[in-house]
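Listed here are the chains, written in short residue letters.
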Amino acid sequence: MTSAAAYFRLDHDDVSGIARLTLSRPEQMNTMDPAFFPALRDAVRALDAAGRTRVLVIASTGKHFSAGMALDVFGAADHPMLQVATARERQGFQAGLRGLMACFDALEEARFPVICAVQGGCIGGALDLAAACDIRVCSADAFFTVQEIHIGMVADLGSLQRLPKIVAPGMARQMAYTGERVGADRALAIGLVNAVLPDADALATHADELARQIAGKSPLAISGSKQALNIARDHGTAEALAQMAMLQGALFDLGEMAEAIRAWKSREPARFEPLAPLPGAR
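Residues numbered from 1 in each chain as written. Predicted model: local features only at pLDDT ≥ 70, side-chain atom pairs only at ≥ 80, totals over all residues. Heavy atoms only, no water.

A. Examining the environment of Pro 274 more closely. Structurally, Pro 274 can be placed in the segment after helix H11 (254-266). What Pro 274 contacts, discounting residues up to four positions off in sequence, is Gly 51 and Arg 52. (Helix = DSSP H or I, 4+ residues; strand = E, 2+ residues; numbered from the N terminus. Contact = heavy atoms within 4.5 Å.)

B. Representation of helix H6 (residues 169-178). For H6, the set of buried residues is Met 171, Ala 172, Met 175 and Ala 176. Buried residues of H6, seen end-on, are gathered within an arc of 135° and therefore sit on one face of the element. Of the exposed residues in H6, the ones pointing more than 90 degrees away from its buried face are Arg 173 and Tyr 177. Turning to H6, the residues buried within the fold contact helix H4 (125-131), strand E7 (143-145), helix H5 (159-162), strand E8 (182-183) and helix H7 (184-189). Count one or two residues on from H6 and you reach Gly 179, which has phi positive near 65°. (Buried < 20%, exposed > 50% of the residue type's maximum accessible area, 1.4 Å probe, protein only. Arc of directions from axis to C-beta.)

C. The sheet that holds E7, seen in detail. With respect to topology, three strands assemble into an open sheet ordered E5-E7-E8, the strand pairing being mixed. Edge strands, defined here as strands with exactly one partner in the open sheet, are strand E5 (121-123) and E8. Pairing of E7 with E8, which is carried by two bridges, proceeds in the antiparallel orientation. Bridging across to E8, Phe 144 finds its partner in Val 182. (Pairing = 2+ DSSP bridges.)

D. How the structure looks around a nonpolar patch on the surface. Together, Phe 252, Leu 254, Met 257, Ile 261 and Trp 264 make up a nonpolar patch on the protein surface, roughly 600 Å² of accessible area in all. Take Ile 261: it is sitting in helix H11. (Patch = residues over 30% accessible without salt bridge, like charges linked within 9 Å, V, L, I, M, F, W, Y side chains within 5 Å. Areas by Shrake-Rupley, 256 points an atom, 1.4 Å probe, with all protein chains shown as cover. Salt bridge = Lys/Arg side-chain N within 4 Å of Asp/Glu carboxyl O.)

E. Representation of the pairing of strand E1 (residues 8-13) in the model. Relative to strand E2 (residues 18-23), E1 is paired through six bridges, and the arrangement is antiparallel. Bridging across to E2, Phe 8 finds its partner in Leu 23.

F. The arrangement of the environment of Gly 125 in detail. Among the structural elements, Gly 125 can be located in helix H4. On the basis of relative accessibility, which here comes to 7%, the residue Gly 125 falls in the buried class. Separated by 56 residues in sequence, Gly 125 and Met 69 have C-alpha atoms that sit 5.7 Å apart. What Gly 125 contacts, discounting residues up to four positions off in sequence, is Met 32, Gly 68, Met 69, Phe 104 and Glu 148.

By themselves, these figures tell us nothing about what the structure is for.
Structure follows, in structure tokens:
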């Protein structure tokens, strides 16, 4: 099994609760292969299980954020994940694909927000990853593209499902049908990113400042807010409000609120306990 270190570096500041996952294969344009996905999934789930992470920043090294799935993966006709000649093989293909999808689902399911800081190209599978994050920011040289349409396939790891809930549905369809490059300024205009920074250094500074703002809030309230927003995105208003009543009934904590109010009034950093480790976490 390929080590996660072959794809990214993971750092965690135990004081602030900020974790940073940095794609670290710039010479290969931070491309992905099948082993990348479970490595990312396991890293995110481990952070979530430990309960000490308040926010995760995903960034990269080199000219591009990521060129997505390495093309040689699709060229390997004998790869077991690509066998579709028989009904049994097609069933296995579907199960394998759903397993890859679940690796990006882990970003949405984590109890902490995820900030994606994009420099250069965010291509194909990398856009699937970015779309699964809570917040996207980018440098002025960034661009985003549904690359899969150029190689005769349907994008299948989440961008077609998530983009219409981030940008206008017509824009999502245009990106999916044409594979056009959406530059940084246009990405900001359509709501795909929250901010455009002049260069990679300014991007890193902005992402870190945003992470610090989030990490300074109650991790319980942040986690509940993320859960409520995800429910609202995927359900009707009445159902989301019913879920909200149950969620607030579970998370309402006067002690947490008192500490937040104390810190706000005194203009001092709040002192919040980390989230509880998940069952089975070490």
